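Residues per chain, in single letters:
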Amino acid sequence: MPPARSWRAYPQTYRLEAARCSKCGKAFFPPRLVCNKCNGRQFEHFEMKHTGKVVTHTIIRTPSDEFSGQAPFALGIIQMDDGPRLTSQIVDLPFEELRIGMPVRLEFRRISSEGEAGAIHYGHKAVPVRI
Amino acid sequence: MVVGIVGYGAHIPRRRIKVEDIAKVWGADAASYKRGLELFQKSVPALDEDTITLSVEAARNALARSGIDPKDIGAVYVGSESHPYAVKPSGVTVAEAIGATPDCHCADFEFACKAGSEGMFVAYGLVKAGLIKYGMGIGADTSQGAPGDALEYSAAAGAAAFIMGADEERMIATVDETFSFMTDTPDFWRREHQFYPAHGGRFTGEPAYFRTVTGAARGILEKSNLKPEDFKYVVFHQPNGKFPKRAAKILGFSFEQIDVGRLVPWLGNTYSGSSPIGLTAILDVADPGDRILMCSYGSGAGSDAFVFTVRDRVREVRDLAPRTRWLMDENVTYVEYGEYAKMRRKIRLAEK
């Protein structure tokens, strides 16, 4: 990923910034220009709470080149407590312990890097909520 | 103006490797490491964890306890000997991730295991000078020990972050005194482009660690006109379990005073995070009025010493983020040497 493309997404990848429609309250991640519920164009940006639940998950064993060193890994759709859904790796637990509905927290992690000499891309991955 | 800690937090990777699993690969005697150096296991960062990711999580825990707006943080300093980039600061990524940019001063510190306390010291100094409202000092490392070397049994990963400020109502612990002790002592180093550090073996002990740590501790005791019995807790840099115990004995501190902050037997040496993480474990249990001595150590060599006095607010904020002993003990996964070698990038992969 070119550094400029990665940089443009920092508010979302680094801080999980979402946008809430000022008219109807629907939250979007990533933010969008027009609300698909009420056609509103005014949004308030906010940092989502880092907690949510696993909606569904799968195991990636043959990833794209960018993630080849990480396979196999779990990938899931996370329902954030603030409303939006996002796709994230689920790490720090054995695959057999993955469960739909399990509570997770998004933790800051390395997502990928451009080889040994290129830029390192950071973002969030889901980890099981410690009980 | 009274300046002190208004927020603190730690973060520790969840993987551990036992000393036995390292020793059996190299034909070494695990019992001698456990008995002689009091090392039982150490933390292992995953492939997607590094000094920046650990720092961000520790910083967020510190922010949660402080209750401040991250935009009010005027400086973010990350001290580490394992910054992910040779040229590109770790501090800006941390500051960006916690929402402290752009009105913020960032710098990375490096001084072997002392880099974390340097960040704390400079952040404290800038608040004291009235240049910034809050300053964050972080000590974090994902340190490497060469395969089979004695350091491989201890080099671990973790981070601690402290927000310094002068708000009376947010004060968790006041900084009552500081003292630093520095000499050119070549006990441990890593040259440019080298993957693993080198060290002077037994030279790292008496003329390096003990001379420096006791020098800093005696200096701050004299400067503050305090005695060992005036402290409830003491935390020294912890390269292994034995060194801080011996330093305490030399200086006249009891085992009870160092016990709470001495995490190394089960955590390993988190380098720049070592004494700072120990301090977080102390703040997790300390009572208002307790006095704490912290004394870091960085090879090369130097120590930064601080005297803290705990305030009432510690009781209100300590459970706003995970306690350090809880981070150490919960959801731990043990890895064997093969997985550890992969996680620590010790395996040479084919070029693509």
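Structure: above.
Everything quoted here is computed from the prediction, not taken from an experiment.

Undergrad: Tell me about the packing of aromatic side chains, residues and numbers included.
TA: Applying the stated criterion across every chain, the model contains 20 aromatic pairs over all chains. Relative to Phe253 of chain B, the ring of Phe236 of chain B has its centre 6.2 Å away and its plane inclined at 70°; by these criteria the two rings are edge-to-face. Separated by 17 residues along the polypeptide, Phe236 of chain B in strand 11 (residues 233-236) and Phe253 of chain B in the loop between helix 7 (242-251) and helix 8 (255-259) bring together distant segments of the chain. Every member of this aromatic cluster is reached through a ring pair, and the members are Tyr10, Tyr14, Phe108 and Tyr122 of chain A. Arg20 of chain A extends its terminal NZ or CZ atom over the ring of Phe46 of chain A, reaching a point 4.0 Å from the ring centre. Stacked on the ring of Tyr334 of chain B, the Lys or Arg Lys18 of chain B has its end atom at 4.6 Å from the ring centre.

Undergrad: Give a detailed account of the nonpolar core, specifying residues and quantitative values.
TA: Residue and element names in this part refer to chain B. If you look at the biggest cluster of nonpolar residues, it comprises 39 residues, and the most contacted ones within it are Leu279, Leu283 and Phe308. Two domains share this core, each providing at least three of its residues, namely domain 1 (4-171 + 320-343) and domain 2 (173-314). Ignoring sequence-local partners within four residues, the contact set of Leu283 consists of Ile5, Tyr8, Phe162, Ala173, Ile292, Val310, Val314 and Arg318. Judged by nonpolar contacts, the second largest core, of 33 residues, contains Leu54, Val56, Ala62 and Val76.

Undergrad: Describe in detail the interface of chain B and chain A, supporting the description with residues and values.
TA: Of the residues lining the interface, 27 residues belong to chain B; the matching set on chain A comes to 26 residues. Between chain B and chain A, a total of about 2,200 Å² is buried, with carbon and sulfur atoms accounting for 44% of that surface. The tally of links from chain B across to chain A stands at nine salt bridges. For Arg109 of chain A, the salt bridge identified is with Glu49 of chain B, shortest N-O distance 3.4 Å. Among the elements of the structure, helix 3 (51-66), helix 4 (90-98) and helix 12 (324-329) of chain B are those that each provide at least two residues to the side of chain B that touches chain A. Residue classes in the side of chain B that touches chain A are distributed as 10 nonpolar, five polar and 12 charged.

Undergrad: With reference to specific residues and values, describe the packing of helix 3 of chain B against helix 4 of chain B.
TA: Residues and elements named next belong to chain B. The N-to-C vectors of helix 3 and helix 4 enclose an angle of 45°; their axes lie 9 Å apart at closest approach. One finds that helix 3 runs oblique with respect to helix 4. Taken as a pair, helix 3 and helix 4 cross one another with a handedness that is right-handed. Contacts between helix 3 and helix 4 involve Ile52, Ser55, Val56, Ala59, Arg60 and Leu63 on the former and, on the latter, Ser90, Thr93, Val94, Ala97 and Ile98.

Undergrad: Got a sec to walk through the environment of Gln144 of chain B? Specific residues and values, please.
TA: Residue and element names in this part refer to chain B. Mapped onto the secondary structure, Gln144 falls in the loop between strand 6 (134-142) and strand 7 (157-165). On the accessibility criterion, Gln144 (9% relative accessible area) is buried. For the pair formed by Gln144 and Arg345, sequence separation is 201 residues and the distance between their alpha carbons is 9.7 Å. Among the polar contacts made by the side chain of Gln144, one reaches the main-chain carbonyl oxygen of Arg344 at a distance of 2.6 Å.

Calculation notes
- Residues numbered from 1 in each chain as written.
- Chains lettered and ligands numbered in written order.
- Predicted model: local features only at pLDDT ≥ 70, side-chain atom pairs only at ≥ 80, totals over all residues.
- Heavy atoms only, no water.
- Phe/Tyr/Trp six-rings, centres within 6.5 Å; stacked < 30°, edge-to-face > 60°.
- Helix = DSSP H or I, 4+ residues; strand = E, 2+ residues; numbered from the N terminus.
- Lys NZ or Arg CZ within 6 Å of the ring centre and 35° of its normal.
- Core = buried A, V, L, I, M, F, W, Y, C linked by side-chain atoms within 4.5 Å.
- Buried < 20%, exposed > 50% of the residue type's maximum accessible area, 1.4 Å probe, protein only.
- Domains from an automatic or database assignment.
- Contact = heavy atoms within 4.5 Å.
- Buried area = accessible area lost by both parts, 1.4 Å probe.
- Salt bridge = Lys/Arg side-chain N within 4 Å of Asp/Glu carboxyl O.
- Nonpolar A, V, L, I, M, F, W, Y, C, P; charged D, E, K, R; others polar.
- Axes fitted to C-alpha atoms, helices over the stretch in contact; angles between N-to-C directions.
- Parallel < 35°, antiparallel > 145°, perpendicular 65-115°, else oblique.
- Left-handed = near helix turned anticlockwise from the far one by under 90°.
- Polar contact = N/O pair within 3.5 Å; in protein donor to acceptor, adjacent residues only side chain to side chain.

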